[in-house]
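Geometric and topological summary
Each chain, letter by letter, is given below.
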Amino acid sequence: MNKLQYSIIFGEIRPEISERLSLGVIVVDGENISVKYSNKKLQVLKS
């Protein structure tokens, strides 16, 4: 049985108050790596 590991991807919105937005997640199950993210949140971060 493999351990499921994950990491949340954050983008910093306002550094002066350490405000950040979760953009997606990276999931590793031992053999496979999956990256999922939100296009809408990426667009917000870019603007």
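Going along each chain's sequence as written, the residues are numbered from 1 onward. Confidence filtering applies because this is a predicted model: local features only for residues at pLDDT of at least 70, side-chain atom pairs given and counted only at 80 or more, and all residues used for totals across whole chains, interfaces and linings. To get the side-chain values, all heavy atoms of the structure are used, and hydrogens and water are removed first.

A separate point is the confidence of the model for the protein chain. For every residue, the pLDDT score states the predictor's confidence, bounded by 0 at the bottom and 100 at the top. With 96% of its residues at a pLDDT of at least 70, the protein chain reaches an overall mean of 90. No element of the protein chain has a lower mean pLDDT than helix α1 (residues 39-46), which averages 86, and none a higher one than strand β3 (residues 33-37), which averages 95. Think of it this way: any DSSP run of H or I at least four residues long counts as a helix, any run of E at least two long counts as a strand, and we number them from the N terminus.

Another aspect to go through is unusual backbone geometry. Most peptide bonds adopt trans geometry, and most residues besides glycine take a negative phi value. In the Ramachandran plot, S18 falls in the positive-phi region, its phi being about 60° despite a non-glycine side chain. Within the secondary structure layout, S18 lies in the loop between β1 (5-14) and β2 (19-28).

Here, a salt bridge means any side-chain nitrogen of Lys or Arg that lies within 4 Å of a carboxyl oxygen of Asp or Glu. Applying the stated criterion across every chain, the model contains two salt bridges. Note that R14 is salt-bridged to E16, the shortest N-O span being 4.0 Å. A 1.4 Å probe rolled over the protein chains alone gives each residue an accessible area, and that area as a share of the maximum for its type sets the label: buried under 20%, exposed over 50%, partly exposed in between. On the accessibility criterion, R14 (40% relative accessible area) is partly exposed. On the basis of relative accessible area, E16 is assigned to the exposed category, the value being 62%. Between R14 and E19 there is a salt bridge; the shortest N-O distance is 3.3 Å. Taken together, the salt bridges that share partners define one network made up of R14, E16 and E19.

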